[in-house]
Amino acid sequence: MFRMSRLFLAACVMGLLALAPVARAADVLMMATTTSTQDSGLLEYLEPFFKKETGMELKWVAVGTGKALEIAKNCDADVLLVHAPAAELEFIKAGHGTDRRQIMYNDFVIVGPKADPAKIAGKSSAEALGRILKSKAGFVSRGDQSGTHKAEQKLWQQAGITPDKDPAYFSAGQGMMATLNMAAEKKAYALTDRGTWITFADKAGADNPLAIAMEGDTALFNQYSVITVNPDRCPKVDKALAQKFEDWWVSPSTQQKIADYKLKGKQLFFPNAGK
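The following paragraphs examine the structure supplied in this document. Each chain carries its own residue numbering, running from 1 in the written order of its sequence. Local features in this predicted model are restricted to residues whose pLDDT is 70 or higher, and side-chain atom pairs enter the listing and the counts only when it is 80 or higher, whereas totals over whole chains, interfaces and linings include all residues. Side-chain metrics in this entry use all non-hydrogen atoms of the structure; hydrogen atoms and water are not considered.

### Looking at the nonpolar core
What counts, and what does not: The set of buried Ala, Val, Leu, Ile, Met, Phe, Trp, Tyr and Cys residues whose side-chain atoms join them within 4.5 Å is what this entry labels a nonpolar core. Each residue's exposure class comes from its accessible area (1.4 Å probe, protein chains only) as a fraction of the maximum for that residue type: buried when under 20%, exposed when over 50%, partly exposed otherwise. Going along the chain from the N terminus, every DSSP run of H or I of four or more residues is numbered as a helix, and every run of E of two or more is numbered as a strand. Contact definition: two residues touch when any of their heavy atoms are within 4.5 Å.
Membership of the largest hydrophobic core comes to 24 residues, with the highest contact counts inside it found for M31, L81, I103, M104, F245, W249 and F269. Of all the secondary-structure elements, those providing two or more residues to this core are β1 (28–34), α3 (42–54), β3 (79–82), β4 (97–113), β9 (221–229) and α10 (239–250). Looking at this core element by element, the count peaks at five residues for α10. Here I103 is in contact with L81, Q223, Y224, S225, V226, W249, V250, Q255, I258, P271, N272 and A273, once residues within four sequence places are set aside. Formed by 20 residues, the second largest nonpolar core is a distinct cluster that contains I110, A151, M214 and L220.

Written out as structure tokens, the structure is:
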């Protein structure tokens, strides 16, 4: 009798559990993005707004854009936030991504020793790079196929210079912050996005041996875009969630948040969705 009662009780409990509503895990999106969006603090600033306004949880890995695109090709990300337009268009042309939408921009700057030994202030980017190598002042490249590295390679190409074997050219093979630290140690020049530069300079304070040496060239424009990984190639990608992600970035309220994000009064990114 006792044994029968225990079996009956167990059956009742199992029946109740079967009838109880199953708690649904929060919708989660995996994003592969560039280091500048993390190093600048932008993602940490926007993530709580994203979660509150979409009900989704956003996780990300911050690497160079080249690596981010490879992660997406391997179906290890649902969406991208990157800044290498030519590589992005090639990614989409090859069928790996869909629905690329631009969301914001800033620019690249060339930073170097405060004394500017190569005298590049006021020069074009092409002339500046030539002067840096000629002066033997040193140039530190990210060397990691990131968006910044790709932009740098394009500038060398436009200048008609192949720097790789020049003894004044150094490849860090690391992220932007590490590259700037290396340039500071070597008292050399480097190309950086302005957002990461502002963050680096703020952290370094008065001990920072670097300063912006050259800026303002139209060739230094730096566009950021979001892309959905192609669900036809990567079936685990939820197209509806990815669409919701992209819609959030281009919405007027998010665009205003991007404009509002500043570090000690300096704006790091400028919204330009739909322009």
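### Brief notes about the packing of aromatic side chains
For clarity, the cut-off: Two aromatic rings from Phe, Tyr or Trp, using only the six-membered ring of Trp, form a pair when their centres are within 6.5 Å; if the ring planes differ by under 30 degrees the pair is stacked, by over 60 it is edge-to-face, and anything between is tilted. A ring is considered to have a charge above it if a Lys NZ or an Arg CZ atom is located within 6 Å of its centre and within 35 degrees of its normal.
Applying the stated criterion across every chain, the model contains 13 aromatic pairs. Judged by centre distance (4.8 Å) and plane angle (25 degrees), the rings of Y45 and Y261 are stacked. One end of the pair, Y45, is in helix α3; the other, Y261, is in the loop between α11 (252–260) and β10 (262–263), and 216 residues separate them in sequence. The class for Y45 is partly exposed, based on a relative accessible area of 24%. Plain terms: the ring middles of F50 and F245 are 6.1 Å apart, the flat faces sit at 70 degrees to each other, and that makes the pair edge-to-face. Of this pair, F50 sits in helix α3 while F245 sits in helix α10, and the two are 195 residues apart along the sequence. Taken as a pair, F50 and F245 share a single burial class, namely buried. Aromatic rings pair up to connect F50, F245, W248 and W249 into one cluster. Over the aromatic face of F170 sits the side chain of K186, whose NZ or CZ is 4.2 Å from the ring centroid. The ring of F49 has K257 sitting right over it, with the charged end atom 5.1 Å from the ring centre.

### Some details on the state of the cysteines
Under the convention used in this document: Disulfides are defined as cysteine sulfur pairs within 2.5 Å.
Tallied over the entire structure, the rule returns one disulfide. For C75, the disulfide goes to C234, at an S-S distance of 2.0 Å. The sign of the -75 degrees torsion about the S-S bond sets the C75-C234 disulfide as left-handed. Taken as a pair, C75 in the loop between α4 (65–73) and β3 and C234 in the loop between β9 and α10 lie far apart in primary sequence, 159 residues in all.

### Here's the deal with the environment of V250
If you trace the backbone, V250 turns up in helix α10. A residue is classified by how much of its surface remains accessible, and V250, at 23% relative accessible area, is partly exposed. Each C-alpha atom, one on V250 and one on A240, is 16 Å from the other, the two residues being 10 residues apart in sequence. If we ignore the near neighbours within four places in the chain, the residues touching V250 are R101, Q102, I103, Q255 and A273.

### Examining unusual backbone geometry
Look at K136: it is not a glycine, yet its phi comes out positive at around 65 degrees. Take K136: its relative accessible area is 55%, and that puts it in the exposed class. Even without being a glycine, Q145 presents a positive backbone phi close to 60 degrees. Here Q145 shows up in the loop between β5 (139–141) and α7 (147–159). Owing to a relative accessible area of 34%, Q145 belongs among the partly exposed residues under this scheme.

### Here we look at helix α6 (residues 125–135)
Keep this limit in mind: This arc is taken over the directions from the axis of the helix to the C-beta atoms.
All of the buried residues in α6 are S125, A128, L129, I132 and L133. Each buried residue of α6 lies within a common arc of 125 degrees when the element is viewed along its axis, so the set occupies one face. Against the buried residues of α6 lie β4, β5, α7, β6 (169–171), β7 (189–193) and β8 (210–214). The first or second residue beyond α6 is K136, which carries a positive phi of 65 degrees.

### Some details on the pairing of β4
The cut-off we apply is this: Two strands are counted as paired when DSSP detects at least two bridges linking them.
Relative to β9, β4 is paired through eight bridges, and the arrangement is antiparallel. Directly across from G97, in β9, lies its bridge partner V229. Relative to β7, β4 runs antiparallel, the two being bridged by four bridges. Residue V111 lies in a different strand from β7, and its bridge partner there is A190. Bridge count between β4 and β8: four bridges; the pairing is antiparallel. Opposite V111, over in β8, you have I212 as the bridge partner.

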